[in-house]
Amino acid sequence: MTWLGDFFGDPANWSGPGGIPMRLLEHLEFSVLALLLAALVAIPLGLLIGHTGRGGLVVVVSANLSRALPTLGLLVMFVLLLGTASIWPVIIPLVLLSVPPILVNTFEGIRGVDPELRDAAYGMGLRGGQVLGRVLVPVALPLILLGLRLSAIQVVATTTVAAYTGLGGLGRFVIDGFATKDYASVVGGSVLIVLFALVVQLGFTLAQRVTVSPGVSRRLKTR
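Rules behind the numbers
- Residues numbered from 1 in each chain as written.
- Predicted model: local features only at pLDDT ≥ 70, side-chain atom pairs only at ≥ 80, totals over all residues.
- Heavy atoms only, no water.
- UniProt positions renumbered as here; feature names shortened; annotations may be inferred.
- Helix = DSSP H or I, 4+ residues; strand = E, 2+ residues; numbered from the N terminus.
- Buried < 20%, exposed > 50% of the residue type's maximum accessible area, 1.4 Å probe, protein only.
- Axes fitted to C-alpha atoms, helices over the stretch in contact; angles between N-to-C directions.
- Parallel < 35°, antiparallel > 145°, perpendicular 65-115°, else oblique.
- Left-handed = near helix turned anticlockwise from the far one by under 90°.
- Contact = heavy atoms within 4.5 Å.
- Nonpolar A, V, L, I, M, F, W, Y, C, P; charged D, E, K, R; others polar.
- Phe/Tyr/Trp six-rings, centres within 6.5 Å; stacked < 30°, edge-to-face > 60°.
- Salt bridge = Lys/Arg side-chain N within 4 Å of Asp/Glu carboxyl O.
- Polar contact = N/O pair within 3.5 Å; in protein donor to acceptor, adjacent residues only side chain to side chain.

*Asks:* What exactly am I supposed to notice about the UniProt feature "transmembrane region" (unreviewed entry) in the protein here?
*Replies:* On the UniProt side, "transmembrane region" (unreviewed entry) is annotated at positions that read residues 30-50, 71-96, 131-148, 155-175 and 187-207 here. Annotated as 100% helix and 0% strand, the span residues 30-50 places its first and last C-alpha atoms 29 Å apart. In this annotation, residues 71-96 is assigned 81% helix and 0% strand; the end-to-end C-alpha distance for the span is 9 Å.

The following block contains the structure:
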């Protein structure tokens, strides 16, 4: 508790380019960019594979890779390949780690829709794209949002490694704190990262309540 008091009570930690507000903004920038790029890749691919039933092997391989890829190893590799002049050596590994949860949950969400709903939609004269957009996606939305939430929390936690390349983010407090034996910064930075992840989780929970139709929500609760 003394370390937390020293960290959060120090006025120097609340101003300047190395202060908490700026580091939080940097962390948010890295996280949002990585999650957005991952979603742009994973959601359309998951919708396509789940709707057509083709390419399921891609989902299986993706799920296995998400467990095997080492974050720090990827970071070091891309830093060696691309240098440290930009944020991409950090963003690319984060995107690669974020794609699998979104892809798998989107695929499972579409594939798990009741076949009778799909047949009824076709019986009403809807075509493939209309069935996907009007019937399958609304029903699969809770799982799609779950994939986004899991990826977002993972990105927020692992964006800490951006500090290894000299970039900013909340990880700077942890990495620099260890380097200088400033354990108040280590503890304070870790608490900020955890709080950030909790806020992200709460945000996605609220988003699900707003975007998911009441009928789908009731159906999930009765399962």
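*Asks:* For this particular structure, what's the right way to read unusual backbone geometry?
*Replies:* Backbone phi values are negative for most residues with the exception of glycine, while trans is the configuration of most peptide bonds. The phi torsion at Lys-181 lies on the positive side, around 60 degrees, for a residue other than glycine. Of note, Lys-181 is situated in the loop between α8 (171-180) and α9 (183-211). The exposed category is assigned to Lys-181, whose relative accessible area is 63%.

*Asks:* Hey, could you run me through the packing of helix α4 (residues 71-82) against helix α5 (residues 88-111) in this one?
*Replies:* Two measures define how a pair of helices packs: the angle their axes make with one another and the distance between the axes. Where α4 contacts α5, the two axes come as close as 8 Å, and the packing angle between them is 140 degrees. In terms of axis orientation, α4 runs oblique to α5. Crossing handedness for the pair α4 and α5: right-handed. Together, Thr-71, Leu-74, Leu-75, Phe-78, Val-79 and Leu-82 of α4 and Trp-88, Pro-89, Val-90, Ile-92, Pro-93, Leu-96 and Leu-97 of α5 make up the contact between the two elements. Here the contact of α4 with α5 is composed, by residue class, of 12 nonpolar, one polar and no charged.

*Asks:* Just to check I follow, could you spell out the packing of aromatic side chains for this structure?
*Replies:* Given two aromatic rings, their pairing is described by the distance between the two centres and the angle made by the two planes. Inspection of every chain in the model, using the stated rule, returns four aromatic pairs. Centroid distance Trp-3 to Tyr-183: 5.9 Å. Interplanar angle 40 degrees. Geometry classified as tilted. Residue Trp-3 is found in helix α1 (residues 2-8), and its partner Tyr-183 is found in helix α9; the two are separated by 180 residues along the sequence. Look at Trp-3 and you get partly exposed, because its relative accessible area is 46%. Under the relative-accessibility criterion, Tyr-183 is labelled partly exposed at 37%. A centroid spacing of 6.4 Å and a plane angle of 45 degrees characterise the contact between Phe-8 and Trp-14, whose relative ring orientation is tilted. Overall, the relative accessible area of 26% leaves Phe-8 in the partly exposed class. One aromatic cluster is present, built from ring pairs that chain together Phe-7, Phe-8, Trp-14 and Phe-173.

*Asks:* Can you help me understand the pattern of salt bridges in this one?
*Replies:* Side chains carrying opposite charge are able to pair once their charged atoms draw close together. Under the definition given, this model contains three salt bridges. Between Arg-23 and Glu-26 there is a salt bridge, with the nearest N and O atoms lying 3.0 Å from each other. With Arg-23 and Glu-26 both in helix α2 (residues 20-52) and three residues apart, this pair spans about one turn of that helix. Like Glu-26, Arg-23 is buried. Residue Glu-108 pairs with Arg-111 through a salt bridge whose shortest N-O separation is 3.0 Å. Here Arg-111 and Glu-108 lie together in helix α5, a separation of three residues that amounts to about one turn.

*Asks:* For this particular structure, what's the right way to read the environment of Asp-182?
*Replies:* Within the secondary structure, Asp-182 sits in the loop between α8 and α9. Asp-182 gets classed as partly exposed once you look at its relative accessible area, which sits at 33%. Through-space distance from the C-alpha of Asp-182 to that of Ile-144 is 41 Å; in sequence the pair is 38 residues apart. Only 2.7 Å separates the side chain of Asp-182 from the side chain of Ser-185, close enough to count as a polar contact.

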